[in-house]
Amino acid sequence: MRILIVEDEHKIANSIKQGLEQEGYSADTAYTGTDGYDLASTEEYDLIILDIMLPGMNGLQICTNLRKNHIHTPVLMLSARAETEDKITGLDTGADDYLSKPFAFTELLARSKALLRRPNGITPKVLTCADLTLDTQNFTVTRSNKNIDLSKKEFALLEYLLRHKNQIVSKDKIIEHVWDYDSDILPNTVEVYIGYLRKKVDKPFDKSLLKTIRGFGYKIEES
Ligand code: CA
């Protein structure tokens, strides 16, 4: 799950980013409205956390323009002013939820999770493939009823693959959704992590679920 944070107060932006990363999400930051709009309209995000008062282009304009351009990424709007008028204007521009500053990180996280679950209304909390189960709420993974310990990145990678079960996902898509836009990722990082996953999720069991589709990417499938 990849989240964009558009907020000109560096301290707030960076602490949100840090908090989200600790929860296993990957997050990019933009400190001006213009940069935020550029990223939001060219990269694929699962959620945008958007401040209203921004230099360049404000949050309301950004949201209006995104929706005009048929970009329907869920938007959680932030504002320093707790006025209802702001809230109504924000939701009118196509934002999905609204949070007024100051807020507790736990509140932001709860709202974000609700929006990340919403996209098609049927995003399941427990993902499975054959006897492999990943619980996105309790952060547990089991196979054949045995618990498997995964690092946060391994968990995020497995979750992404399971959300696209039976589909080939390219390395680029994996990097986009599991790693940060500007994190130092080496060409073989994805392979290395797929290797870690295989060791934990496939090797101890008789059937392998993780497939490498040479030249295309990876796939998790039941057969
Ligand atoms: Ca601001």
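Residues numbered from 1 in each chain as written. Predicted model: local features only at pLDDT ≥ 70, side-chain atom pairs only at ≥ 80, totals over all residues. Heavy atoms only, no water.

Draft legend 1. Layout of the overall build of the protein. Counting its secondary structure elements, the protein contains 8 helices and 11 strands. Against the globule reference of 17 Å for 223 residues, the protein gives a C-alpha radius of gyration of 19 Å, in line with a compact fold. The principal-axis extent of the C-alpha atoms belonging to the protein is close to 60 × 30 × 30 Å. Each of the 223 residues in the protein was classed as buried or not, and the buried ones make up 44%. Considering only residue pairs separated by 6 or more positions, the protein has 58% of its internal contacts joining residues 24 or more positions apart. (Helix = DSSP H or I, 4+ residues; strand = E, 2+ residues; numbered from the N terminus. Rg over C-alpha atoms; globule rule 2.2 N^0.38 Å. Buried < 20%, exposed > 50% of the residue type's maximum accessible area, 1.4 Å probe, protein only. Contact = heavy atoms within 4.5 Å.)

Draft legend 2. Summary view of the coordination of the calcium ion. At the metal site, the calcium ion is ligated by Asp-8 (OD), Asp-51 (OD) and Met-53 (O), and these contacts range over 2.1 to 2.4 Å. Positions of the donor residues of the calcium ion, expressed as sequence spacing, correspond to D-x42-D-x1-M. (Donors = N, O, S within 2.8 Å, 3.2 Å for Na, K, Ca; no water.)

Draft legend 3. Here's a closer look at the packing of aromatic side chains. Scanning the entire structure with this criterion turns up 2 aromatic pairs. Centroid distance Phe-139 to Phe-155: 5.3 Å. Interplanar angle 50°. Geometry classified as tilted. Taken together, the residues Phe-139 in the loop between β7 (132–135) and β8 (140–143) and Phe-155 in helix α6 (residues 152–163) connect sequence positions 16 residues apart. Classification of Phe-139 as partly exposed rests on a relative accessible area of 41%. (Phe/Tyr/Trp six-rings, centres within 6.5 Å; stacked < 30°, edge-to-face > 60°.)

Draft legend 4. Geometry of the UniProt feature "modified residue: 4-aspartylphosphate" (unreviewed entry) in the protein. If you check UniProt for "modified residue: 4-aspartylphosphate" (unreviewed entry), the listed places come out as Asp-51 in our numbering. Mapping Asp-51 onto the fold places it in strand β3 (residues 47–51). When residues no more than four places from it in sequence are discounted, the contact partners of Asp-51 are Val-6, Glu-7, Asp-8, Gly-59, Leu-78, Ser-79 and Lys-101. (UniProt positions renumbered as here; feature names shortened; annotations may be inferred.)

Draft legend 5. Region of the structure containing the sheet that holds strand β5 (residues 97–100). The sheet built from 5 strands is open, its strands ordered β2-β1-β3-β4-β5 with parallel pairing. Each of the sheet's edge strands pairs with one partner strand only, and the pair in question is β2 (26–30) and β5. Sheet twist, expressed as the mean angle between neighbouring strand axes with direction ignored, is 20°. With 4 bridges joining them, β3 and strand β4 (residues 75–79) adopt parallel strand pairing. For Leu-50, the partnering residue across the bridge sits in β4 and is Met-77. (Pairing = 2+ DSSP bridges. Axes fitted to C-alpha atoms, helices over the stretch in contact; angles between N-to-C directions.)

Draft legend 6. Structural view of helix α5 (residues 105–117). Relative to the 18 Å expected for 13 residues at 1.5 Å per residue, α5 spans 18 Å between its end C-alpha atoms, a close match to the ideal helical length. Inspection of α5 places Leu-108, Leu-109, Ser-112, Leu-115 and Leu-116 among the buried residues, and these make up the whole buried set. Here the buried residues of α5 occupy an arc of 130° about the axis, which is enough to place them on one side. Packing partners of the buried residues in α5 comprise β1 (2–6), α1 (10–22), β3, β4 and β5. (Expected span 1.5 Å × (residues − 1). Arc of directions from axis to C-beta.)

Draft legend 7. Molecular detail of α6. The end-to-end C-alpha distance of α6 is 16 Å, a good match for the 16 Å that 12 residues give at a rise of 1.5 Å each. Most of α6 is tucked away: 9 of the 12 residues are buried. Listed in full, the buried residues belonging to α6 are Glu-154, Phe-155, Ala-156, Leu-157, Leu-158, Glu-159, Tyr-160, Leu-161 and Leu-162.

Draft legend 8. Local environment of the domain arrangement of the protein. Along its sequence, the protein is organised into domain 1 (2–116) and domain 2 (126–220). For domain 1 and domain 2, the distance between their C-alpha centroids amounts to 28 Å. With 13 residues of domain 1 at the contact, the number on the domain 2 side is 12 residues. Both sides together, the interface formed by domain 1 and domain 2 hides about 1,000 Å², and carbon and sulfur atoms give 39% of it. Looking only at domain 1, the three residues that lose the most surface to domain 2 are Arg-2, Ser-26 and Glu-44, adding up to 41% of its buried area. For the pair domain 1 and domain 2, the interface holds 1 salt bridge. (Domains from an automatic or database assignment. Buried area = accessible area lost by both parts, 1.4 Å probe. Salt bridge = Lys/Arg side-chain N within 4 Å of Asp/Glu carboxyl O.)

Draft legend 9. Structural view of unusual backbone geometry. Note that the residue after Lys-101, namely Pro-102, is joined by a cis bond; omega there is -5°. As for its placement among the helices and strands, Pro-102 is situated in the loop between β5 and α5. With a phi close to 50°, Ala-130 is a non-glycine residue in the positive phi region. Its place among the elements puts Ala-130 in the loop between β6 (126–129) and β7. Looking at Ala-130, the relative accessible area reads 44%, which means it is partly exposed. Unusually for a residue other than glycine, Ser-144 sits at a positive phi of about 50°.

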